[in-house]
Amino acid sequence: MEPYADQPYYVGYRPAEGPEIGLDPNGHARGLTGPVTYWHTDDIKAALAALIAAGAEEEQSVRDVGGGILTATVRDADGNVTGLYQGK
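Residues numbered from 1 in each chain as written. Predicted model: local features only at pLDDT ≥ 70, side-chain atom pairs only at ≥ 80, totals over all residues. Heavy atoms only, no water.

Comments concerning the pattern of salt bridges
Using the criterion set out here, one finds one salt bridge in the structure. Among the salt bridges present, the one from R75 reaches E59, with a minimum N-O distance of 3.0 Å. Of the two residues, R75 is situated in strand β6 (residues 69-75) and E59 in strand β5 (residues 57-66); the sequence distance between them amounts to 16 residues. A relative accessible area of 26% places R75 in the partly exposed class. You can call E59 partly exposed: its relative accessible area is 35%. (Salt bridge = Lys/Arg side-chain N within 4 Å of Asp/Glu carboxyl O. Helix = DSSP H or I, 4+ residues; strand = E, 2+ residues; numbered from the N terminus. Buried < 20%, exposed > 50% of the residue type's maximum accessible area, 1.4 Å probe, protein only.)

This is the structure:
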């Protein structure tokens, strides 16, 4: 399967069934050591605030990664990283 996005910051695949698969070629530079699940939200700032209020630590604040897509990540008490994205 060919990626639908192939950029220096992201390579994305959308299989006919199942979730989108995305690769961050620079994830290691941000301390990522494994896969990160990104959950879609219509309001990333509110979702990020809710996760922080529930005890998560902000790993990466909201940032525009291109194409109108916003992402953010948090780390839970066990060290697991969870991502959020808003956009397409």
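Details of the side chain of T73
Tracing the chain through its elements places T73 in strand β6. When sequence neighbours within four positions are dropped, the list of residues in contact with T73 reads V36, Y38, E57, E58, E59, Q60, V81, T82 and G83. (Contact = heavy atoms within 4.5 Å.)

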